[in-house]
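Structural features, examined
One-letter residues, chain by chain:
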Amino acid sequence: MNDFGLICQDTAPEWYGRLRARSDDLSPADWLTVRGPGQGAFGTVAGVAAPGFAAYARVLHPAALDERPVRWSAVAAARGTRITPGVRWHEVIGKDREYVDRSGPGVPGVWDEHPAEGPTPPGVARALLPVLARHTRTPERCWFGLWHGYGRWDWDRFPTFGTPGREEVLLAGRLADVVSPVAMDEFSELPDLWWPRDRAWIVGGDVDLVSTYVGGSAELIAGLLAAPGLEAHPVAPGDLVG
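Procedures and definitions
Residues numbered from 1 in each chain as written. Predicted model: local features only at pLDDT ≥ 70, side-chain atom pairs only at ≥ 80, totals over all residues. Heavy atoms only, no water. Patch = residues over 30% accessible without salt bridge, like charges linked within 9 Å, V, L, I, M, F, W, Y side chains within 5 Å. Areas by Shrake-Rupley, 256 points an atom, 1.4 Å probe, with all protein chains shown as cover. Salt bridge = Lys/Arg side-chain N within 4 Å of Asp/Glu carboxyl O. Lys, Arg positive; Asp, Glu negative; His and termini not counted. Charge placed at Lys NZ, Arg CZ, Asp CG, Glu CD. Helix = DSSP H or I, 4+ residues; strand = E, 2+ residues; numbered from the N terminus. Buried < 20%, exposed > 50% of the residue type's maximum accessible area, 1.4 Å probe, protein only. Pairing = 2+ DSSP bridges. Core = buried A, V, L, I, M, F, W, Y, C linked by side-chain atoms within 4.5 Å. Contact = heavy atoms within 4.5 Å. Phe/Tyr/Trp six-rings, centres within 6.5 Å; stacked < 30°, edge-to-face > 60°. Lys NZ or Arg CZ within 6 Å of the ring centre and 35° of its normal. Axes fitted to C-alpha atoms, helices over the stretch in contact; angles between N-to-C directions. Left-handed = near helix turned anticlockwise from the far one by under 90°. Arc of directions from axis to C-beta. Polar contact = N/O pair within 3.5 Å; in protein donor to acceptor, adjacent residues only side chain to side chain.

Here we take up a negative patch on the surface. Where like charges cluster on the molecular surface, the negative patch consists of Asp66, Glu67, Asp112 and Glu113. Within the fold, Glu67 resides in the loop between β5 (63-65) and β6 (68-70).

Below you can see the structure in the form of structure tokens.
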């Protein structure tokens, strides 16, 4: 893990969009920092999200064509490859693993841009929101974790809590405001972790991934799998992430 600071960084704001950075009490994140038997290992679904939920889903970050989202299944159909819950992007496009980080021509008329690496893209986040809101009693009181190594912001004045492989700044706000940082700066990353006060579910992402992982009830996961704006697949907590 490279947690190296950028040479030129601005002091991080107290308000990250409409989410407020906590500078004192980090106890709402305590349940994510306890490591023990059954806790998620780095590189697994439960390590990116959190263990202990009834069901999990992998939500794929779309590729793009002329800046419009393209499902992995459409790319796979064009390439003659197969989509499985654990498939990696380089397998979908029929290239070696290193190809992911190199620009390429894509497939004319199908896709011309790789899926976004990093936390949940705003378009995917907006599609998640209505499903998540239906499955918590506390959508107005939510917590968020943001990796302190992202972007141009220097978060050193804020305390962090640890998750497998990462140190996160704790943010607080409404579920509906999770996309608000992009109004402040269109290149701002959304939080890696989202969870409501009642802990009915958790959303997890990471700087190195092209997928977002959600843990929650079987009903929630069924809702995500059926949501028309999402390309999601069921996964298990011990599955490797991609």
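Strand β7 (residues 142-147) sits mainly inside the fold: 6 of its 6 residues count as buried. Side chains Cys142, Phe144 and Leu146 project from β7 onto one buried face, and the interleaved Trp143, Gly145 and Trp147 project onto a second face that is buried too. Here 4 bridges tie β7 to strand β11 (residues 193-196), and the two strands are oriented antiparallel to one another. Counterpart to Cys142 in the pairing with β11 is Pro196.

What follows concerns the nonpolar core. Grouped together as the largest cluster of nonpolar side chains are 39 residues, with contacts concentrated most on Leu128, Leu132, Trp155, Trp194, Val214 and Leu224. Only β3 (19-21), β4 (55-60), α5 (122-133), β7, β10 (166-173) and α7 (218-226) provide two or more residues apiece to this core. Every residue in contact with Leu128, bar those within four places of it in the chain, is listed here: Val59, Thr120, Trp194, Val214, Leu224 and Leu230. If you look at the next biggest cluster of nonpolar residues, it comprises 21 residues, including Ala49, Trp143, Ala172 and Val235.

The next point concerns the environment of Val59. Relative to the helices and strands, Val59 is located in strand β4. Each C-alpha atom of the pair Val59 and Val203 lies 10.0 Å from the other, and the pair is 144 residues apart in sequence.

In this section: the packing of aromatic side chains. This structure, assessed with the given rule, holds 9 aromatic pairs. With centroids separated by 6.3 Å and ring planes inclined at 75 degrees, the aromatic side chains of Trp31 and Phe53 adopt a geometry described as edge-to-face. A residue pair is termed long-range when its members are at least 10 positions apart, and Trp31 in helix α1 (residues 30-33) and Phe53 in the loop between α2 (45-48) and β4 qualify at 22 residues. Among the aromatic residues, ring-to-ring pairing joins Trp31, Phe53, Tyr56, Phe161 and Trp195 into one connected group. Here the basic side chain of Arg166 rests over the ring of Trp147, its NZ or CZ set 5.0 Å away from the ring centre.

The phi dihedral of Asp66 falls on the positive side, at around 50 degrees, and the residue is not glycine. For Asp66, the position within the fold is in the loop between β5 and β6. You will see that Glu67, though not glycine, has its phi angle at about 70 degrees, which is positive.

The next point concerns the packing of α5 against α7. Close contact between α5 and α7 brings their axes to 10 Å; oriented N to C, the two are set at 150 degrees. As α5 runs across α7, the sense of the crossing is right-handed. Note on element contacts: α7 touches α5 through Leu220, Gly223 and Leu224, opposite Leu128, Val131 and Leu132.

Here the focus is α7. In an α-helix, one full turn covers 3.6 residues, which means residues spaced three or four apart are oriented alike. Of all the positions in α7, only Leu220, Ile221 and Leu224 are classed as buried. Down the axis of α7, the buried set is contained in an arc of 95 degrees. They therefore lie on one face. Of the exposed residues in α7, the ones pointing more than 90 degrees away from its buried face are Glu219 and Ala226. For α7, the secondary structure elements touched by its buried residues are β4, α5, β13 (211-216) and β14 (232-235).

If you trace the backbone, Glu117 turns up in the loop between α4 (89-92) and α5. The partly exposed category is assigned to Glu117, whose relative accessible area is 42%. Between the C-alpha atoms of Glu117 and His61, which are 56 residues apart in sequence, the distance is 8.0 Å.

The subject of this paragraph is the side chain of Asp185. Within the fold, Asp185 resides in the loop between α6 (181-184) and β11. Taking relative accessible area as the criterion, Asp185 reaches 15% and is therefore assigned buried. One polar contact links the side chain of Asp185 to the main-chain amide nitrogen of Phe187, over a distance of 2.9 Å.

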